[in-house]
Amino acid sequence: MKIQQTFGGILSKEYIEKKTLEKKEENFETKLKEMQQEKLQNLMELEMSEKRVKLILKEAVLFDSGSAVLKEEAKKVLLPVVDELKKLPNEIMIEGHTDNVPIKGGRYSNNFELSMARAYSVIEFMQSHNIDPKRLSGIGYGEHRPIAENTTAEGRAKNRRIEISLLKGQ
């Protein structure tokens, strides 16, 4: 009994669960880095912070221009990511982004609609591979959160993206 008092008592269940989750999150980060280096160098970028692990996927690998239907190649890219996400209980946020080129004709009347539809396509794919829908949220930003200038083809290509964020510490 004196040892427990000296060292602050027995480790709480919450503390153990928190440390276990932190280790799983670290393993997830490591796996994504490996995937990026081995197969997905030109297709994805990673950003990591204390609050989230963000995977940025380029539109060209995921969708055809003006479409929100996932390409077959996109499913092959997403599947290993989804397999890793299944190992964690954390919430997952999907963000759709477009460039600022106005949509003319087609199924979507503007970039907001297209970006939301693309985010939802990724959510549907994740659900179809047994990720609990309670963990998923999606949002479309259209052209309103660019990461590059829309004045060049390269800049517009960078702005057309899907961001998948694993929210840490939940």
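Refer to the structure presented above.
Remember, it's a predicted structure, so these values are computed and weren't measured experimentally.

Okay, the overall build of the protein chain next. Scanning the protein chain from N- to C-terminus turns up 6 helices and 5 strands. Every one of the 170 residues in the protein chain was classed for burial, and the buried ones make up 39%. The long-range fraction of contacts in the protein chain, counting pairs at least 24 apart against all pairs at least 6 apart in sequence, stands at 69%. Carbon and sulfur atoms provide 51% of the accessible area of the protein chain, an area that totals close to 10300 Å².

This part takes up the pattern of salt bridges. Applying the stated rule across the entire model yields 13 salt bridges. Taking the shortest distance from any N to any O, the salt bridge between Glu59 and Arg160 comes out at 3.0 Å. Here Glu59, found in helix H3 (residues 59-62), pairs with Arg160, found in the loop between helix H6 (153-159) and strand S5 (161-167); they are 101 residues apart in sequence, far enough to count as distant. What makes Arg160 partly exposed here is its relative accessible area of 21%. When salt bridges with common partners are traced through the structure, they connect Glu59, Asp99, Arg118 and Arg160 into a single cluster.

What follows is about helix H5 (residues 111-128). Each full turn of the α-helix corresponds to 3.6 residues, which orients residues three or four apart in the same direction. Here H5 is 18 residues long and its end C-alpha atoms lie 26 Å apart, about the 26 Å a rise of 1.5 Å per residue gives. Listed in full, the buried residues belonging to H5 are Asn111, Leu114, Ser115, Ala117, Arg118, Ala119, Ser121, Val122, Ile123, Phe125 and Met126. Of the surrounding elements, those touching the buried residues of H5 are H3, helix H4 (72-85), strand S3 (92-97), strand S4 (136-140) and S5. Taking the backbone nitrogen of Phe112 as reference, a side-chain oxygen 3.0 Å away marks Asn110 as the first, capping residue of H5. Looking one or two residues beyond H5, the residue adopting positive phi is Asn130, at roughly 70 degrees.

Procedures and definitions
Residues numbered from 1 in each chain as written. Predicted model: local features only at pLDDT ≥ 70, side-chain atom pairs only at ≥ 80, totals over all residues. Heavy atoms only, no water. Helix = DSSP H or I, 4+ residues; strand = E, 2+ residues; numbered from the N terminus. Buried < 20%, exposed > 50% of the residue type's maximum accessible area, 1.4 Å probe, protein only. Contact = heavy atoms within 4.5 Å. Areas by Shrake-Rupley, 256 points an atom, 1.4 Å probe, with all protein chains shown as cover. Salt bridge = Lys/Arg side-chain N within 4 Å of Asp/Glu carboxyl O. Expected span 1.5 Å × (residues − 1). Polar contact = N/O pair within 3.5 Å; in protein donor to acceptor, adjacent residues only side chain to side chain.

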